[in-house]
Amino acid sequence: MADFIEGKRPVIEALRTHVPLKYILMADNLSQGDSIVRDIQRKAKNRNIPIKKVSKKKLDEISERGSHQGVMAEAEPFGYVNVTTILEAAAKSAEEHDGRALIVVLDHITDAGNLGAIARSAESVGAAGLIIPNKRAARVTAATYKSSAGAISHIPVSQVANITSTLDRLKEEGFWVAAATEHASDYIWNANLKGKIVLVMGNEGEGVSRLVLESCDFGVKLPQVGEISSLNVAQASTACMYEWLRQNWK
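Reading the values: the criteria
Residues numbered from 1 in each chain as written. Predicted model: local features only at pLDDT ≥ 70, side-chain atom pairs only at ≥ 80, totals over all residues. Heavy atoms only, no water. Helix = DSSP H or I, 4+ residues; strand = E, 2+ residues; numbered from the N terminus. Buried < 20%, exposed > 50% of the residue type's maximum accessible area, 1.4 Å probe, protein only. Contact = heavy atoms within 4.5 Å. Areas by Shrake-Rupley, 256 points an atom, 1.4 Å probe, with all protein chains shown as cover. Polar contact = N/O pair within 3.5 Å; in protein donor to acceptor, adjacent residues only side chain to side chain. 1 Å grid on protein atoms, 1.4 Å probe; cavity = no way out; pocket = protein on both sides within 12 Å on 5 of 7 lines; lining within 4 Å. Points joined across faces, edges and corners; volume = space filled by probe spheres on them. Nonpolar A, V, L, I, M, F, W, Y, C, P; charged D, E, K, R; others polar. Axes fitted to C-alpha atoms, helices over the stretch in contact; angles between N-to-C directions. Parallel < 35°, antiparallel > 145°, perpendicular 65-115°, else oblique.

This part is about the overall build of the chain. Per the secondary structure count, the chain includes 9 helices and 10 strands. Principal-axis analysis of the C-alpha atoms gives the chain an extent of 60 × 40 × 30 Å. Looking at the chain as a whole, 48% of its 250 residues qualify as buried. Sequence-distant contacts, at least 24 apart, represent 80% of the contacts inside the chain between residues at least 6 apart. Entry remark: accessible area of the chain is about 12900 Å², with carbon and sulfur atoms responsible for 48%.

The following block contains the structure:
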């Protein structure tokens, strides 16, 4: 299924954040005096992205939201990798950084923006990759590129059919698996996150599922002193990843 970006400013943002685009569709009745249209044309030319002139009727037929404003762009499919590729990246990280390696597993995160924000933090701390389910979960879209500030292009992402069997494989490769859950008995500051760690983050509403939680070696939680119930998953992921980095910092 094609991933279309609709509207002048969303297309400009996609060009700015280097979302890989196949082409841009532009209504043949758009005013060439429109400064945003000219900016799209200039940026597309600089990136060698073709612009195809089509009728407004054609855009109406393709549009899912009816918000195209005469401009749409089709994104290239994201290049997912297999788990082996992420394990190879983790082995390289461990070799170069005194045994430390981090893999982040997302248990059915549903918001593409959250996926991007997590990818941005994961790339920042030097994680070897992200693992996500291939069904009922967010995938990499233009929104992911935007919220990751382009970082999603620089970190491997793997889609898997079964999270629990994947965790079993990672444990066989020498990783300890930590689940971020409010039901954990210990704070993350007291947990041992040194070395090769898999960090599991749960769904925005339900958290880490029971079956996945049973496959983890231990749980961790963030201390809270405020009145709100919890951080969102992207914020919590960032805090947990930086605690892993702090413990492994040389």
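And the narrative resumes.
For A94, the location among the structural elements is in helix 4 (residues 83–96). As a C-alpha pair, A94 and A128 span 34 residues in sequence and 9.6 Å in three-dimensional space.

With that out of the way, let us pick up the side chain of N248. Counting through the fold element by element, N248 comes out in helix 9 (residues 233–248). Here the side chain of N248 touches W244 through a polar contact of 2.7 Å, landing on its backbone oxygen.

The next point concerns unusual backbone geometry. At H18, a residue that is not glycine, the phi angle is positive and equals roughly 60°. With respect to the element layout, H18 can be found in the loop between helix 1 (8–16) and strand 2 (21–27). If you check the backbone angles, Q69 has positive phi at about 55° while not being a glycine. Here Q69 lies in the loop between helix 3 (56–62) and strand 4 (71–75).

Okay, empty space enclosed by the protein next. Taken as a whole and assessed by the stated rule, the structure comprises 1 cavity of 30 Å³ or more. Considering only enclosed or pocket space, the largest cavity measures out at about 30 Å³ in volume. L102, A178, L193, I197, L199, C240, M241 and W244 together form the lining of the largest cavity. Here the residues of the lining of the largest cavity sort into 8 nonpolar, no polar and no charged.

In this structure, the largest pocket occupies an estimated 580 Å³ of space. Along its surface, the largest pocket is lined by 25 residues, and A180, T181, E182, S230 and L231 are the ones closest to its centre. Counting residues per element, the lining of the largest pocket draws most heavily on helix 9, at 3 residues. Partitioning the lining of the largest pocket into residue classes produces 11 nonpolar, 10 polar and 4 charged. Considering only enclosed or pocket space, the second largest pocket measures out at about 370 Å³ in volume. Residue lining of the second largest pocket: 20 residues in total, with D3, F4, I5, R65 and A142 positioned closest to the centre.

Let us now look at the packing of helix 5 (residues 112–125) against helix 9. Closest axis-to-axis distance for the helix 5/helix 9 pair is 9 Å, and the angle between their directions is 10°. By the angle class used here, helix 5 and helix 9 are roughly parallel. Contact with helix 5, carried on its side by N114, A117, I118, S121, A122, S124 and V125, involves V233, A234, S237, T238, M241, Y242, W244 and L245 of helix 9 and no other residues of that element. Its residues assigned to classes, the contact of helix 5 with helix 9 comprises 10 nonpolar, 5 polar and no charged.

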